[in-house]
Every structure is written in structure tokens, then in C-alpha cells.
Amino acid sequence: MPEAPKAGEHGHHILVAENNKKVLQFIEEVTTNPDEVQKRVLAEILTENAHVEYLQRHGLNGHTDRDTFKKIMPAITYEDIQTDITRIANGDKSQILCSQPISEFLTSSGTSGGERKLMPTIEEELARRSQLYSLLMPVMSQFVPDLEKGKGMYFLFIKSEAKTPGGLPARPVLTSYYKSPHFKNRRPDPYTNYTSPNETILCSDSYQSMYSQMLCGLCQNKEVLRVGAVFASGFIRAIRFLEKHWPLLCHDIRAGTINAQITDPSVREAVMKILKPDPKLADFVEAECSKDSWQGIITRLWPNTKYIDVIVTGTMSQYIPTLDYYSNGLPLVCTMYASSECYFGVNLNPLCKPSEVAYTLIPTMGYFEFLPVHRNNGVTNSISMPKSLNEKEQQELVDLVDVKIGQEYELIVTTYAGLYRYRVGDVLRVAGFKNKAPQFNFICRKNVVLSIDSDKTDEVELQNAVKNAVTHLMPFDAHVTEYTSYADTTTIPGHYVLFWELNVNGSTPVPPSVFEDCCLTIEESLNSVYRQGRASDKSIGPLEIKIVETGTFDKLMDYAISLGASINQYKTPRCVKFAPIVELLNSRVVSSYFSPKSPKWVPGHKQWNNMN
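This write-up is about the structure you can find in this document. (Residues numbered from 1 in each chain as written. Predicted model: local features only at pLDDT ≥ 70, side-chain atom pairs only at ≥ 80, totals over all residues. Heavy atoms only, no water.)

Looking at helix α13 (residues 279-289), one finds that the buried residues are Leu281, Ala282, Val285, Glu288 and Cys289. Around the axis of α13, the buried residues are gathered within 135° of arc, so they sit on the same side. (Buried < 20%, exposed > 50% of the residue type's maximum accessible area, 1.4 Å probe, protein only. Helix = DSSP H or I, 4+ residues; strand = E, 2+ residues; numbered from the N terminus. Arc of directions from axis to C-beta.)

In C-alpha cells:
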């Protein structure tokens, strides 16, 4: 496709400035009257879907006003619509949840029964998602000028996808977006000018994709003004990849050739358009990478970088020290808040500290409601909530403009694509307001105790996995008296660690291979998102079991009580994050064992694979 003729430098900047002004004006307008916008959005959704089976079943009977909707429709979890989802996945094309045809399912990183949740979506949602992306850079350019004069080095990847029995694609939301015409045929825009050609992003082999994106990023190192990935964990994986493979990359830059391991012809062709023999650049990269310390490597190799664009809220905050080390403390910017259910909002103060990130929900994206959360401060950060709401809780739901500053809420969303009063599972705290629209800190996903990448493991799942594993100890008359866990992100990729205190009555010591079997059994028992991260994406390292001295968990209790915990109410936390507690546990480790191989994982849901 021939490129559009280039506007003169001056004309180009005028266009960018005009577009930025329009976008900021839009944000002003929708945050000034968010309640009217929300009312309109709900009426649009209900009018469009008035005759769908789900709304009829609950007796909404074509009503589109907010009061009737709130009186009649229940707040739901995934399990409440699972039967409807299964029908659509199996090929039922009737208007079950939505009047428009479901175009694909977005696979959530949350799971139900160990399998990824499937979120219905429709064609027009892509435009809505693209609109939210289009707000990010105009906001950013208020704080960091001249970003249109260079490129972004972003490490973006597609993940494997499956087809449902009825033939609909089921894939993660970002894979859906990168494969869509909205991304692939995007108009030339200085803000979506990336160092990675589309072909390298769309390559399904993660090694070839990472290698070619890193090579292109190094070749254009002077033009890079911002760097990033979706999650902090993904960006750190890219830096560790460079640590391991820089000699090969330098060889390619010096010779102007691509390593033979990159076999995808479209990737090779796209990279060859960028790659030119450059011995001087190769020497420079080699000199920097072979130094003893990698502190500040990002600003050393990409000297014009102004910030790192990654998600560092929620469980990703555990990666902040590592990012600071590699970047010499460049600003860490979280630009947007989104999920497979719905895209929600943007950070209007992107240069704030990671701990102060607040997202402004854009009221045109969906209809938002909020359930007040009351939690007791336990040792763990996880918040558990009742599965279904009683009438009193149902009445406690408040609208976007009625939330109170400082209060925590569970987010509930009604979307254009067929979710009605759906509980997303995120806990948010009201931080302030932009005009009349509230701004929220992301606090956590409810019930999640362990997370390394996009995996989310809850306490029940962990308990079940440990129960399956300890059967290996029975022949040795050994059992686990207490355990806890933590996500160790000092290794890249990070990995789950379980601390076990044992009671061994048998005369034969437990062989190391048995503990390794325990590790693998735990991994096999965890959900498909975890197993995909281990087996396919390599974004999670092998699980580790550390055996601790007898009496360790008594010491842990003494420590918790010294900090003010009540002896009567003390329960061993199943997950620990507090550094002194992790240090205490680590100081009493007598042996440690790793999972010997990856757990089994195949794309798609178990039940689909049984049907094939």
C-alpha cells in the first residue's frame, strides 16, 4: 500500500496539536456531565438489546430506564451466565445476551473451574477500544512534549488462540486487538510509530518475536523516546532476554544479517527493511552490555528515553525496584485501565508516582456501578466477597457520580456486548475527581493471593493443589503440618514458592524426586492461565517448595503477635508479601526443590478438546 504523502514538518505538528486539542476537549465534556452520559449509555444498551433472551428472562420487558433496570436486574458473576456463554460457544446464534452477533470471545485471565472465562464481544467494541487508546498520547503530550518526533519501543506479543466448538475465535483481548484491522491498518500516526514492525508483533513464536523486536529496537536506538510493554513483568523479561542474547544481536547489527533461528519469512523481510550493517552501533551495544553492572541499561542503550510505559499497579507493583534499577529511575507510567470485559479509563496524571496512579473512568465505555467493600485488614492483601448479593447488598450499589472519596468499591459493569451488572472482581478506591467524574486507585483483584504475570491464583485453588500434592508423601508417613506461599519476583521469570513444615514419622527419608513430584502436582492442579504461562509463554518459572525447620510457623505466629495480631484470631496466612516475614521464612529453609518439567497445557477449554 503506498504511503500517504508526508505533510510538511510544520503542517504535521499543526495536525497533531489540533487532534490533541479535540481529544482533551472530549475528556473535559464527558467528565463534566458523566451522569447524563451514563444514563444515555445505559439507555442505548437496553434499547439495542431490548428483545434479547437474557433481559426477557429477568422480566425487563423492554424498559430502558435506570430505575427499572436497577430494580429488576441482579448483579451477577461469571457462573450465573456460564450456561448462556456455553450455548453461544457451541454455536447457538439466537439473541441470547446481545442483539448483535457475538464476533469472538475474549479469554479473561480470571478463571472459572480452572479454565479461562470467556467474555462475549461484538465487532463494534473494537472501535470503542481504539477510541480509548486514542486518548492516551494527547494526555501524555501535556506532560512530555515532542513525543511525536520519535518512536516508541514496545514489546507487544500475541498469544495462542483457540476456536470454540461453534467456530468463534477465543483469544486474549490484546491478541484480538493486534490482529484486527484497527491495529494492522492504522493510519500513519506519530504516536503509534513503533520500532517493532507489525510482522514481528504478530509472529506467534515468542522467541522469534522477542528477538526481532529487540533487534529493531536496538537498530533505531537514537529514535526511541519511550519504551514499554503491557505489564511490568513483560518488559523485564525483554531486558533479561537482552542480557542473555546480546552477543547474537550485536553480531546481526554488525553484519546487517538476521540470525538463522529467525525462520518466519515475513519477520525476516520486515526486519531487513530496518537492519543495515552498523559496526559502530554494534561496538557501542557490546561495550554497554559487557560491563559488570546493568544498572541504568535502558538509558545507556536508548539515551533519549523519557519514560517507561507499563502497568505497575496491583500485583505488578512488585517489579518497581527492578525497573528503577534498569532505568536509573525513569518515570514509570500507567496509562490506562482495561480488562477483557470492558475498557474502563485513563490516567490523566501519567507522571505521578506508581503508588498514586488513579484512573478516570470514561463514561462512554460502558455503564458502571459500584458495590461498597468493607474489609478487615488481615495479613494478606486478598479480599474475599460473597458469590451472590442479597437484597440489601444489591440496594447498596451506587452510580459512578455517587461514589464517596476514600471508600473502596467492587466494580460492576454493563456493556454493549451483552454483560449486564457483571461483577468484574476488581477492587477500586476513590482517590479524587476530574470535574464530576471520579478517579480510582486500583487496589487488587478480589480473592487473588499469588500472581507473577497475568496469572491469578486464589487461596481455595492453592489449598486444593497442596492437598493433591501431599499424597506423594503418604508412603513415607510424612505430612505437611503448615504451609504458606509467596510470589518470588527476584528471579526472571518470577515463580511461586511454597514453604512447607513437615512432620515425618517414617524411618525412610523422603527422596528429593518425591518433593519434585509434589512441585509438579501442584502446577498440574493450578488453573490454565498459570499452566499456559509456564508451558507456552514461559512467563512463569518452575514452582519451588522450600522445606523449613520444625517450629518455623510458631515463630511466624510470635512475630505476627508482636506486630499486634490477636492470638485468638491468628490464622496462618496462606500467602505472605511482607518482606520481614519472607526473610524469617527463608532464614529457616533446610532444603528446596523445583518442578522438574512444565505442567501440561493445550489451547482452548478442556471440554472442547474432549469434543474434537
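What follows deals with the nonpolar core. Residues Phe235, Ile298, Phe370, Leu473, Trp500 and Ile522 are the most contacted members of the largest nonpolar core, which totals 146 residues. Excluding residues within four positions of it along the chain, Ile298 makes contact with Val227, Phe235, Ile239, Ile308, Tyr326, Ser327 and Leu330. (Core = buried A, V, L, I, M, F, W, Y, C linked by side-chain atoms within 4.5 Å. Contact = heavy atoms within 4.5 Å.)

Here we take up the side chain of Ser141. Position of Ser141 relative to the elements: it lies in helix α6 (residues 125-141). Among the residues examined, Ser141 registers a relative accessible area of 17% and is labelled buried. Leave out the neighbours within four places in its chain, and Ser141 touches Asn20 and Tyr191.

Under the definition given, this model contains 22 aromatic pairs. Ring plane angle 75° and centroid distance 6.1 Å describe the contact between Phe69 and Tyr367, whose orientation is recorded as edge-to-face. Residue Phe69 is found in helix α4 (residues 66-72), and its partner Tyr367 is found in strand β12 (residues 367-372); the two are separated by 298 residues along the sequence. For the pair formed by Phe69 and Tyr367, the shared burial category is buried. (Phe/Tyr/Trp six-rings, centres within 6.5 Å; stacked < 30°, edge-to-face > 60°.)

By the secondary structure assignment, Thr457 is in strand β18 (residues 457-458). On the accessibility criterion, Thr457 (0% relative accessible area) is buried.

Where helix α11 (residues 232-255) contacts α13, the two axes come as close as 8 Å, and the packing angle between them is 165°. With respect to α13, the axis of α11 lies roughly antiparallel. In the packing of α11 onto α13, the handedness of the crossing is left-handed. Residues Trp246, Cys250, Ile253 and Arg254 of α11 lie in contact with α13, whose contacting residues are Pro279, Leu281, Ala282, Asp283, Val285, Glu286 and Cys289. In terms of residue class, the contact of α11 with α13 is made up of eight nonpolar, no polar and three charged. (Axes fitted to C-alpha atoms, helices over the stretch in contact; angles between N-to-C directions. Parallel < 35°, antiparallel > 145°, perpendicular 65-115°, else oblique. Left-handed = near helix turned anticlockwise from the far one by under 90°. Nonpolar A, V, L, I, M, F, W, Y, C, P; charged D, E, K, R; others polar.)

Of all five residues making up strand β21 (residues 544-548), five are buried, and the element is well covered by its neighbours. Every second residue of β21 is oriented toward a common face, with Glu544, Lys546 and Val548 on one face and Ile545 and Ile547 on the other, all of them buried. Here strand β20 (residues 495-504) pairs with β21 via five bridges, running parallel. By the bridge assignment for β21, Glu501 is matched with Val548. Taken together, the five bridges between β21 and strand β22 (residues 589-594) define a ladder with antiparallel strand orientation. Following the sheet pairing, Val548 is matched in β22 by Val589. (Pairing = 2+ DSSP bridges.)

Moving on, we come to unusual backbone geometry. Between Ile492 and the following residue, Pro493, the backbone shows a cis peptide bond with an omega angle of -5°. Turning to its location among the elements, Pro493 is positioned in the loop between β19 (478-488) and β20. Phi at Asp146 takes a positive value of approximately 65°, unusual for a residue other than glycine. Tracing the sequence through the fold places Asp146 in the loop between α6 and β3 (151-155). The class of Asp146 is partly exposed, set by a relative accessible area of 39%. One non-glycine residue, Asn328, adopts positive backbone phi at about 55°.

This paragraph deals with the sheet that holds strand β7 (residues 307-311). Here we have four strands laid out as an open sheet, ordered β3-β6-β7-β8, and parallel in their pairing. Taken across any chain shown, the strands that pair with only one partner, and hence form the sheet edges, are β3 and β8 (332-333). Two elements, β3 and strand β6 (residues 224-231), share five bridges in a ladder whose sense is parallel. Looking at β6, one finds that Lys151 is bridged to Val224. Packing against the sheet, helix α10 (residues 206-219) makes contact with β3 and β6, and its axis sits at approximately 160° to β3.

Between helix α17 (residues 459-469) and helix α18 (residues 512-525), the shortest axis-to-axis distance is 8 Å and the interhelical angle comes to 140°. As summarised for this structure, α17 and α18 are arranged oblique, according to the angle between their axes. The two elements α17 and α18 cross, and the hand of that crossing is right-handed. Counted together, Ala465, Val466, Asn468 and Ala469 of α17 and Cys518, Thr521, Ile522 and Ser525 of α18 form the full contact between these two elements. Classifying every residue of the contact of α17 with α18 gives five nonpolar, three polar and no charged.

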